[in-house]
Amino acid sequence: MLSTNLRGQGTEIDRLITGELKMVYPGIYFKHNSTDYAAMPYTSDSCFKYIAHHVREIYSYVIWRDSTETDELTNKRIKKLKVGLNKYIPTGKIEIHPMGKEQKISRQTINCSINDEQRQYLLSLNSVFDISTIRFLTKKKNHIEHPRIWCLSCWKSGFHIKARRELHKMAKKQAATTQGP
């Protein structure tokens, strides 16, 4: 059977855009090198309303930028976001942290784009205001490293005799090897 249509394989970047590289609600995306919002499948006001409704469940507010954009632009974007958030909640509660030179999408991925439309889309994915509802916990301290004087199990294990002494020896060895001569 013959076909009059040309059928080519999709590029890797096309597969990524349709699969992983999508705009995620309630992220607010910006056009590259601009304080204007990028075209999103939802409105920025709906994001502000979502944030206002879930403000107690959100632990971090970060703004990403492309490595070719400036800190001054990031500060202008933060001001614009605070104005938008101020419609729904007092912004004094919210501290937006800039991510500096860190990028969400690598420069290599952006350079794989085959046309200007894809490139602009990927650049807007790099310029985004994100929220996180996940709290990142620090390393949990255990009773061997930090025994409790009032803990019966710590006394039974003999923290004051063996485990503590071994930990101090290991810490001294590690400190000596990291400092060097």
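Numbering of residues begins from 1 in every chain and follows the order in which that chain's sequence is written. Only residues with pLDDT of at least 70 are given local features in this predicted model, and only at 80 or more are side-chain atom pairs given and counted; all residues enter the totals for whole chains, interfaces and linings. Side-chain numbers here rest on the full set of heavy atoms in the structure, without hydrogens or water.

Peer 1: Could you give an account of the overall build of the protein chain, with specific residues and numbers?
Peer 2: Along the protein chain, the regular secondary structure elements total seven helices and four strands. Secondary structure elements follow DSSP: runs of H or I of four or more residues count as helices, runs of E of two or more count as strands, with numbering from the N terminus. Counting from the amino terminus, helix and strand elements in the protein chain follow one another as α-β-α-β-α-β-α-α-β-α-α. Between buried and exposed lies partly exposed: a residue is buried under 20% and exposed over 50% of the maximum accessible area for its type, with that area taken using a 1.4 Å probe on protein chains only. The buried share of the protein chain, reckoned over its 181 residues, is 33%. Only carbon and sulfur atoms are counted for the fraction: they give 55% of the accessible area of the protein chain, which is about 13,100 Å². Accessible surface is estimated by sampling points in the Shrake-Rupley manner with a 1.4 Å probe; for residues, cover comes only from the protein chains shown.

Peer 1: Could you give me a rundown of the side chain of arginine 77, with the residues and numbers involved?
Peer 2: Relative to the helices and strands, arginine 77 resides in helix 3 (residues 71–86). Assessed through its relative accessible area of 1%, arginine 77 is described here as buried. Polar contact is defined as a pair of N or O atoms within 3.5 Å, subject to the rule that within protein one atom must be able to donate a hydrogen and the other to accept it, and that residues adjacent in sequence are counted only when both atoms are side-chain atoms. At 2.9 Å, the side chain of arginine 77 forms a polar contact with the backbone oxygen of serine 34. Throughout, a contact is declared for two residues whenever any of their heavy atoms are within 4.5 Å. Not counting chain neighbours up to four residues away, the residues in contact with arginine 77 comprise Phe30, Lys31, His32, Asn33, Ser34, Thr35, Ile63, Trp64, Arg65, Glu69 and Ser127.

Peer 1: Lay out the pattern of salt bridges in plain terms, naming residues and giving numbers.
Peer 2: By salt bridge we mean one thing: a side-chain nitrogen of Lys or Arg within 4 Å of a carboxyl oxygen of Asp or Glu. All told, the structure shown has five salt bridges when counted by the stated rule. Residue arginine 65 is joined to aspartate 71 by a salt bridge in which the shortest nitrogen-to-oxygen separation is 2.9 Å. With a relative accessible area of 47%, aspartate 71 lands in the partly exposed category. The partner of glutamate 69 in a salt bridge is arginine 77, with the nearest N and O atoms 3.0 Å apart. Given a relative accessible area of 2%, glutamate 69 falls into the buried group.

Peer 1: Which residues make up unusual backbone geometry, and what values go with them?
Peer 2: Of note, the amide linkage connecting tyrosine 25 to proline 26 takes the cis form, showing an omega dihedral of 5 degrees. By the secondary structure assignment, proline 26 is in the loop between helix 1 (12–19) and strand 1 (28–29). Despite not being glycine, asparagine 33 has its phi angle at roughly 55 degrees, a positive value. Assignment of secondary structure puts asparagine 33 in the loop between strand 1 and helix 2 (44–53).

Peer 1: Run through the environment of asparagine 126, naming residues and quoting values.
Peer 2: Structurally, the position occupied by asparagine 126 is in helix 5 (residues 116–126). Separated by 63 residues in the primary sequence, asparagine 126 and isoleucine 63 place their C-alpha atoms 9.5 Å from one another. When neighbours within four sequence positions are excluded, asparagine 126 is seen to be in contact with Trp64, Arg65, Asp66, Gln103, Lys104, Ile105 and Ile110.

Peer 1: Can you tell me about the packing of aromatic side chains, naming the residues and giving the values?
Peer 2: Note on aromatic pairs: the rings of Phe, Tyr and Trp (six-membered ring only in Trp) are paired at centre separations within 6.5 Å, and the planes decide the class, stacked below 30 degrees, edge-to-face beyond 60, tilted for the rest. Within this structure, the stated rule accounts for four aromatic pairs. Centre to centre, the rings of tyrosine 25 and tyrosine 42 are 5.0 Å apart; their planes meet at 90 degrees, and the pair counts as edge-to-face. Here tyrosine 42 lies in the loop between strand 1 and helix 2 and tyrosine 25 lies in the loop between helix 1 and strand 1, a separation of 17 residues in the sequence. On the accessibility criterion, tyrosine 25 (37% relative accessible area) is partly exposed. Ring centres 5.4 Å apart and planes at 40 degrees place the aromatic pair phenylalanine 30 and tyrosine 37 in the tilted group. Residue classification places tyrosine 37 among the partly exposed residues on the basis of a relative accessible area of 22%. Any Lys NZ or Arg CZ that is within 6 Å of a ring centre and within 35 degrees of that ring's normal is treated as a charge sitting over the ring. Positioned over the ring face of tyrosine 37 is lysine 80, at 4.3 Å from the centre of the ring.

Peer 1: Would you mind going over the nonpolar core in detail, with residue names and values included?
Peer 2: Grouping buried Ala, Val, Leu, Ile, Met, Phe, Trp, Tyr and Cys residues that are joined through side-chain atoms within 4.5 Å yields what is termed a nonpolar core. Tyr29, Ile51, Tyr61, Leu81, Ile96 and Phe129 are the most contacted members of the largest nonpolar core, which totals 30 residues. At the level of secondary structure, the elements contributing two or more residues to this core comprise strand 1, helix 2, strand 2 (60–63), helix 3, helix 5 and strand 4 (128–132). Aside from chain neighbours lying at most four places away, what touches isoleucine 96 is Tyr61, Val62, Ile63, Ile78, Leu81, Lys82 and Phe129.

Peer 1: Can you lay out the pairing of strand 2 for me, pointing to particular residues and giving the numbers?
Peer 2: One ladder, built from four bridges, connects strand 2 with strand 4; its direction is antiparallel. For tyrosine 61, the partnering residue across the bridge sits in strand 4 and is isoleucine 131. Two strands are counted as paired when DSSP detects at least two bridges linking them. Inspection of the sheet shows strand 2 paired to strand 3 (residues 96–98) by three bridges, in the parallel sense. When the sheet's bridge partners are listed, isoleucine 63 is paired in strand 3 with proline 98.

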